Amino acid sequence: MDLTARVKLEIFVEAHAVGEIERMLEDAGFKGLSVFASLEGAGSHGAWRQTGVDEAGMRLIIAIGSEVSAERALAWLSDYFQSYPGVAAASDVRVLRADRF
Amino acid sequence: MAGAGAANLLAPAVLFFALGALAGWLKSDLTIPDQVAKTLALYLMLCIGFKGGAEAAASGLSQDLIAAGGLGLGLSFATPFAAYIVLKAFGVLDRLTAAATAAHYGSVSVVTFAAGTEYLRAVEVEFGGYMAAVLALMETPAILAALIIAGARSQKAETRLRPTLWREVFLNGAAVVLIGSFVIGAITGERGMARLDVFVGPLFQGALCLFLLDMGLVASRRLAEAPRLDWRLIAFAIAWPLLSAAAALGASAALGLSLGDATLMAVLAASASYIAAPAAMRIALPKADAGIYLSLSLGVTFPFNLLIGIPLYHAAGRLVFGG
């Protein structure tokens, strides 16, 4: 099987930031991404829940790309997280159809 | 007054709110799906806006509309400055959380307004349809006031998200539906009202009950999961609406508004936002503690206004207006 090394980013942010982060990922060289809505969880500020009207909700953005693109994105995110809530994780993955990432 | 207050507590909408709060407190698995709650919120805003627009078209551009609109804008903009001073004096909130909280008490709650209009209809007190436009006008100035209080320099990173912020402030879904429905109601007038009569009329009460069931769940869960709130903040969340309502009633009387309009002005002034303001504050003041301002507006002030405040403001209005 022809597997190629790539970096997967999992970025967890408030809903309002999704558009800005999508643009940033494109500028950083990512060719695609997926956005997922979240239901509930807990973090450093305690438990939270997506409750219909009073919560903007959290979003999980997953993007897979080259190491260079991932480093650019993580540098941007580390600046963003100085002001806004959220977390990001990077992991090494191996992908099929590498030309798509 | 006691009779009207008791009748309010036994109104279906209020009892459904209590049911939701009880279910949330008992940790029932009752939930209103997220998309249903959002759809109900949009439906309620459509009804309020459309009916208000149609009624405003019927009565024409009156002096009362201009007076009520001006008063609403003034109250919404001025309230955060006064609320901020009081909140800072307690010494328990940082500057940004105090500013964000103050914004919530200057902005308004659509559902509290809806409950207020239903209460007035139940006690047969007339009010101007244009109050729906006043509701829309009062959403934004408080948010702008909070940004002034917080100071642009303290939020360097916000610059990057400024387009998102302004879009959220002026073009959030709630504002678009409310103002848009008002305009459509005003354009189509009686003809439009005849076509949508059932949709915006008899069905409204049922949708409000279902929405308040969800609000009861949300409010009780929000309060249970809230950080331990300082007693002074809880006292603020109850006393501030009373002061705001008193100021609104006094100003309404001075401007010559009717009892119904003055009562709704008091309801608006006393209400605290939990949709538009939190969304804007998350973008503009991300360091402010959302657990504080949402718990106060949704967990304390909203139930207080729904259960006690609305009939109280009406009773106070009757005293002021001698009704």
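On a predicted model such as this, the values are computed, not experimentally measured, just so you know. (Residues numbered from 1 in each chain as written. Chains lettered and ligands numbered in written order. Predicted model: local features only at pLDDT ≥ 70, side-chain atom pairs only at ≥ 80, totals over all residues.)

A. Summary view of the overall build of chain A. Broken down by element type, chain A carries two helices and six strands. Mapped from its N terminus to its C terminus, chain A presents α and β elements in the order β-α-β-β-β-β-α-β. Going through the 101 residues of chain A one by one, you find that 27% of them count as buried. Considering only contacts within chain A whose residues lie at least 6 apart along the sequence, 78% involve residues at least 24 apart. (Helix = DSSP H or I, 4+ residues; strand = E, 2+ residues; numbered from the N terminus. Buried ≥ 20, exposed ≤ 12 C-beta atoms within 10 Å, placed from the backbone. Contact = placed C-beta atoms within 7 Å.)

B. Layout of helix H2 (residues 12–25) of chain B. Residues and elements named next belong to chain B. With 14 residues, H2 extends 20 Å between its outermost C-alpha atoms, agreeing within 8% with the 20 Å of an ideal straight helix rising 1.5 Å per residue. Of the positions making up H2, those classed as buried are Ala13, Val14, Phe16, Phe17, Gly20, Ala21 and Gly24. All buried residues of H2 fall inside an arc of 160° around its axis, so they share one side. Once H2 finishes, Lys27 follows within two positions and takes phi at roughly 60°, a positive value. (Expected span 1.5 Å × (residues − 1). Arc of directions from axis to C-beta.)

C. Seen up close, the nonpolar core. The biggest cluster of nonpolar side chains holds 115 residues, and the ones touching the most others in it are Leu44, Ala99 and Ala146 of chain B. Here the element with the most residues in this core is helix H15 (residues 290–321) of chain B; it accounts for 13 residues. Sequence-distant contacts of Ala146 of chain B, that is, excluding residues within four places in its chain, are made with Pro80, Ala99, Ala100, Ala102 and Ala103 of chain B. Counting residues in each nonpolar core, the second largest holds 18 residues, with Ile21, Ala28, Ala70 and Leu77 of chain A among its members. (Core = buried A, V, L, I, M, F, W, Y, C linked by C-beta atoms within 7 Å.)

D. Main features of the sheet that holds strand S6 (residues 86–95) of chain A. All names here are of chain A. Read from one edge to the other, the open sheet built from four strands follows the order S2-S5-S1-S6, with strand pairing classed as antiparallel. What marks the edges here is a single partner per strand, and that holds for strand S2 (34–37) and S6. Across the sheet, the axes of successive neighbouring strands diverge by a mean angle of 20°, strand direction being ignored. In terms of strand pairing, strand S1 (residues 4–14) meets strand S5 (residues 58–65) through eight bridges, oriented antiparallel. Looking at the pairing, Ile11 lines up with Ile61 of S5. Here helix H2 (residues 67–80) sits on the sheet and contacts S1, S5 and S6; the angle it forms with S1, its principal contact strand, is near 20°. (Pairing = 2+ DSSP bridges. Axes fitted to C-alpha atoms, helices over the stretch in contact; angles between N-to-C directions.)

E. Spatial organisation of the packing of helix H4 (residues 63–90) of chain B against helix H5 (residues 95–106) of chain B. All names here are of chain B. It is at 8 Å that the axes of H4 and H5 come closest, and there the two elements cross at 140°. Put simply, H4 runs oblique to H5. In the packing of H4 onto H5, the handedness of the crossing is right-handed. Across the interface between the two elements, Ser76, Thr79, Pro80, Ala83, Tyr84, Leu87 and Lys88 from H4 touch Ala98, Ala99, Thr101, Ala102, Ala103, Tyr105 and Gly106 from H5. Here the contact of H4 with H5 is built from residues that sort into nine nonpolar, four polar and one charged. (Parallel < 35°, antiparallel > 145°, perpendicular 65-115°, else oblique. Left-handed = near helix turned anticlockwise from the far one by under 90°. Nonpolar A, V, L, I, M, F, W, Y, C, P; charged D, E, K, R; others polar.)

F. Structural context of unusual backbone geometry. A positive phi angle is found at Arg97 of chain A, which is not glycine, with a value near 50°. Inspection of the secondary structure puts Arg97 of chain A in the segment after S6. According to the C-beta neighbour criterion, Arg97 of chain A is exposed, with 8 such atoms within 10 Å. Not every positive phi belongs to a glycine, and Lys27 of chain B is a case in point at roughly 60°. Along the chain, Lys27 of chain B falls in the loop between H2 and helix H3 (34–59).

G. Spotlight on the packing of helix H12 (residues 231–255) of chain B against H15 of chain B. All names here are of chain B. At a minimum axis separation of 9 Å, H12 and H15 run at an interaxial angle of 30°. Our classification of the angle between H12 and H15 gives roughly parallel. The interaxial crossing formed by H12 with H15 has right-handed handedness. Listed contacts from H15 to Leu233, Ile234, Ala237, Ile238, Pro241, Ala245, Leu249 and Ala253 of H12 are Leu296, Val300, Thr301, Phe304, Asn305, Gly309, Tyr313, Ala316, Gly317, Val320 and Phe321. Counted by class, the contact of H12 with H15 contains 15 nonpolar, four polar and no charged residues.

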